[in-house]
Amino acid sequence: MITSVFILPFTAGNYRRRQNGFWYYDCSISFRVLFLGFLAIIVVFSATNTIYDGANVRLGVVLLLLSVLILGGVSVCLILVCLAQLRGLQCIVATRRHTHTTKLQVCFLWIFGLASILFSTLLVGKLIECSGNGTAGLYWNSIICFNCLLVVCFISEIIFITYFSEFKLKHSTLANYSMLLLLASNTCVQLYVSIIGDHPLATFIEINKENATNWCLERNSTMTALIEKSRSILTPTFMEFFLLSSTMILDIWSPSNENSHENETRHSEINGIQDSERTSLLPHTSAIEPDYSGNGSRRMLCQMITIVVSLMTGFGMVIFYVAMAMNVGNIQTLHFLAEFYELILKVLMTIATFLGFFCLVTYCTPDRSPKRFKSRENVYLLSVFGLMMLHICKVIQGDVTSYLDSKILLYTNIISIFQDYLQVVLLLHANQCKKSDPRSRIVLLESVLLFIMINNFVLWINDTFLLSQYPITRVMAQERFSTGLLRLGYTVLLPVSVFYRFTSFLQYYATFRDYTF
């Protein structure tokens, strides 16, 4: 049970074997979905900086998340360099690269990097100068932490790329996730800068108009003059550094080069390993399905009960949305009831997802041949990204308003983000597993897949025919969100959510069929 609740949902991916015989999940599924959620928070929290209520906290959270990413990027740079020093380059490097532009790229990387370090240092100096002029809040403290870490990040990336610029790295799990983390931190910082602008202090002044610190920030001083005069020159180099470093990281990593796959998985392909030996390495799996699944009639009964419960829980929420669309009763009360019912539905779906993980751990065996993501799975993940952005917008709506259903809206969408994450990871991981005994019938897993499948179909009906067609059923309000954000939410993100629900229904049906027969 501990594995199915606390481990597998956050480590799901290809099942690999190290040279010492230890099997592990490489997190290829959970990492992608977690990163999309991470990116959705950064995009939405940054884009809603014009909503001043809670903007200090939201932008502070963005900078703290970016700081964690940057810290991770710095850590992996140091780890790889230390490994190369201790064990030799051969443990990390596959081949030497032959290119005439490497030295020129490194030269410009140093120029852009030093200019970026200078700009961040000037910014930190101004922040320290104004730190004693009143209570600034989370955003202010996060700006200081973020820019200090940014300086360390610039130095670490310059050293790392210079050190490995003439080589291609081996495709080990450590190298793959190190490069992914570096690219993720670069991408997120670029995204943040492009949304907020090149002067985060101006954003602070705008959202804290009556703060005593503003006087210091706007006062003409030597540090202010240096920042203003150098900004037009140094700011472009800031973005150029991240773009160039990302390009060079991709050259060093070469993720498309599949002929040098991780050495640590070679033992998984050795012929002649007996099934009994494999089973002994997985104490949590069982090759024999217990009597839990029951006979055919019991299985059919469980499926019928699951269908009835799913339809009752799903369409109970739809009834309130239909009443709102027909303008029957008090709209605010109906919103409250609909959100409360949806909260119960999402909690039940979350519990069902954990039961699904329990079944995969107990009655199924992961496929030991590594699989790459298919194009349709990548498209599906992009729809998850849009859905999470829509949930986060609704979380902000629930946080900044004081209506009857505000707190319910807040809690519902926080749980929805978590539930959608678990649902996607469960689906993708279930497609990489098979029943330990092909003749067995796992009634609990079948019921879980059926329950999630039907409720996704019901949510698709609700989003397609009610939320999309009747504005009165929507919760994001004009007085809090700008016209552009509302248009983004209901003309872009809502159709993406519709696509996600329908695709989830189809994919869960296909998975249900795979485990039924």
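It should be emphasised that the depicted structure is a prediction, and the values quoted were computed from it without experimental measurement. (Residues numbered from 1 in each chain as written. Predicted model: local features only at pLDDT ≥ 70, side-chain atom pairs only at ≥ 80, totals over all residues. Heavy atoms only, no water.)

## Comments concerning the overall build of the protein chain
Right, so step 1: For the protein chain, the helix and strand inventory stands at 16 helices and 6 strands.
Right, so step 2: Of all 517 residues assigned to the protein chain, the portion counted as buried reaches 55%.
Right, so step 3: Sequence-distant contacts, at least 24 apart, represent 85% of the contacts inside the protein chain between residues at least 6 apart. (Helix = DSSP H or I, 4+ residues; strand = E, 2+ residues; numbered from the N terminus. Buried < 20%, exposed > 50% of the residue type's maximum accessible area, 1.4 Å probe, protein only. Contact = heavy atoms within 4.5 Å.)

## Comments concerning helix H1 (residues 2-11)
Right, so step 1: If you check which residues of H1 are buried, you get Ser4, Val5, Leu8 and Pro9. Along the long axis of H1, the arc covered by the buried residues comes to 125°, so they all point the same way. Counted as exposed and oriented over 90 degrees from the buried face of H1: Ile2 and Phe6.
Right, so step 2: Along its buried surface, H1 packs onto strand E2 (23-25), helix H2 (28-47), helix H12 (331-363) and helix H14 (406-430). (Arc of directions from axis to C-beta.)

## Regarding the packing of helix H15 (residues 443-467) against helix H16 (residues 483-516)
Right, so step 1: One can describe the packing of H15 onto H16 by two numbers: an axis separation of 8 Å at closest approach and a directional angle of 155°. Classified by the angle their axes make, H15 and H16 are roughly antiparallel. Of the two elements, H15 crosses H16, and the hand of that crossing is left-handed.
Right, so step 2: In the contact of H15 with H16, the residues fall into 18 nonpolar, 6 polar and 3 charged. (Axes fitted to C-alpha atoms, helices over the stretch in contact; angles between N-to-C directions. Parallel < 35°, antiparallel > 145°, perpendicular 65-115°, else oblique. Left-handed = near helix turned anticlockwise from the far one by under 90°. Nonpolar A, V, L, I, M, F, W, Y, C, P; charged D, E, K, R; others polar.)

## A closer look at the environment of Leu494
Right, so step 1: The topology assignment puts Leu494 in helix H16.
Right, so step 2: Taking the C-alpha atoms as reference points, Leu494 and Met389, separated by 105 residues in sequence, lie 9.9 Å from one another.
Right, so step 3: Setting aside anything within four residues of it in sequence, one finds Leu494 in contact with Leu390, Asp463, Leu467, Ser468 and Gly489.

## Let's talk about the side chain of Glu446
Right, so step 1: Along the chain, Glu446 falls in helix H15.
Right, so step 2: Those residues within four positions of Glu446 in sequence are excluded, and the remaining contacts are Arg299, Gln303, Arg441, Phe512, Tyr515 and Thr516.

## Some remarks on the packing of aromatic side chains
Right, so step 1: Scanning the model with the defined rule gives 22 aromatic pairs in all.
Right, so step 2: For the ring pair Phe457 and Phe505, a centre distance of 4.9 Å and an interplane angle of 45° mean the geometry is tilted. In this pair, Phe457 sits in helix H15 while Phe505 sits in helix H16, placing the two residues 48 residues apart along the sequence.
Right, so step 3: Phe457 sits in the partly exposed class, given a relative accessible area of 29%.
Right, so step 4: Ring geometry for Trp460 and Phe502: centres 5.0 Å apart, planes at 40°, overall tilted. (Phe/Tyr/Trp six-rings, centres within 6.5 Å; stacked < 30°, edge-to-face > 60°.)

## Some points on the pattern of salt bridges
Right, so step 1: Counted by the stated rule, this structure contains 7 salt bridges.
Right, so step 2: One salt bridge connects Glu342 with Lys346, and the closest N-O pair in it is separated by 3.5 Å. Within this pair, Glu342 and its partner Lys346 are both found in helix H12, separated by 4 residues, close to a single helical turn.
Right, so step 3: Classification of Glu342 by relative accessible area gives buried; the value is 11%.
Right, so step 4: With a relative accessible area of 0%, Lys346 lands in the buried category.
Right, so step 5: A salt bridge links Arg501 to Asp420; the nearest nitrogen and oxygen atoms lie 3.4 Å apart. One end of the pair, Arg501, is in helix H16; the other, Asp420, is in helix H14, and 81 residues separate them in sequence.
Right, so step 6: Exposure remark for Arg501: the relative accessible area of 2% places this residue in the buried category.
Right, so step 7: For Asp420, a relative accessible area of 1% gives the class buried. (Salt bridge = Lys/Arg side-chain N within 4 Å of Asp/Glu carboxyl O.)

## Comments concerning unusual backbone geometry
Right, so step 1: At Cys27, a residue that is not glycine, the phi angle is positive and equals roughly 65°.
Right, so step 2: Inspection of the secondary structure puts Cys27 in the loop between E2 and H2.
Right, so step 3: Its relative accessible area of 23% is what places Cys27 among the partly exposed residues.
Right, so step 4: In this structure, Asn327 is a non-glycine residue whose phi angle is positive, near 60°.

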